[in-house]
Amino acid sequence: MSVRLEGSVIRIEGEARVEDAEALVSLLRDGAGRSVDLTAAGPLHAAVVQVLMALRPPLLGPAGDPFTARWLLPLLAPGPPG
């Protein structure tokens with residue numbers, strides 16, 4: 001599993017797969033104020049991106065995956081998408 005909790009930070013490490021989306025939702029809903037660290041993240045499955053877009057947690061670090069950094073982070077920034 002590429003999603004794990006360290007204190008109040010949810011770390012996504014390596015390739016985030018479809019099954020990681022459910023874990024991410026649970027961790028975000030169970031802990032108000034948790035942030036997500038994408039520094040060590042690889043490619044993100046669309047389901048994981050949808051969770052991040054829907055729940056809009058604070059994001060930490062530069063994204064480790066170039067595609068995520070270039071194309072997805074602007075969509076995941078605070079405020080309305082796009």
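Residues numbered from 1 in each chain as written. Predicted model: local features only at pLDDT ≥ 70, side-chain atom pairs only at ≥ 80, totals over all residues. Heavy atoms only, no water.

Engineer: Help me out: how do you make sense of the nonpolar core in this one?
Structural biologist: Nonpolar side chains in soluble globular proteins tend to end up buried together. Ranked by internal contacts, the top residues of the largest apolar core, which has 20 residues, are Ile 12, Leu 24, Val 36, Leu 44 and Val 48. Mapped by element, the contributors of at least two residues to this core are strand E2 (9–12), helix H1 (18–30), strand E5 (41–44), helix H2 (46–55) and helix H3 (66–76). At five residues, H2 tops the list of elements feeding residues into this core. Apart from the residues within four sequence positions on either side, Leu 44 is in contact with Ile 12, Ala 16, Leu 38, Val 49, Leu 52, Thr 68 and Leu 72. (Core = buried A, V, L, I, M, F, W, Y, C linked by side-chain atoms within 4.5 Å. Buried < 20%, exposed > 50% of the residue type's maximum accessible area, 1.4 Å probe, protein only. Helix = DSSP H or I, 4+ residues; strand = E, 2+ residues; numbered from the N terminus. Contact = heavy atoms within 4.5 Å.)

Engineer: Help me understand H1 in this model?
Structural biologist: By the burial criterion, the buried members of H1 are Asp 20, Ala 21, Ala 23, Leu 24, Leu 27 and Leu 28. The elements touched by buried residues of H1 are strand E1 (3–6), E2, strand E3 (14–16), strand E4 (35–37) and H2.

Engineer: When you look at the pattern of salt bridges in this model, what are you seeing that I'm missing?
Structural biologist: Per the counting criterion, the structure on display carries four salt bridges. With a shortest N-O distance of 2.0 Å, Arg 4 and Glu 6 are connected by a salt bridge. Of the residues examined, Glu 6 reaches a relative accessible area of 34% and is grouped as partly exposed. Two residues, Arg 11 and Asp 37, come together in a salt bridge whose shortest N-O distance is 2.4 Å. With Arg 11 in strand E2 and Asp 37 in strand E4, this residue pair connects regions lying 26 residues apart in the sequence. Overlapping salt bridges, with partners in common, bring together Arg 4, Glu 6, Arg 11, Glu 13 and Asp 37 in one network. (Salt bridge = Lys/Arg side-chain N within 4 Å of Asp/Glu carboxyl O.)

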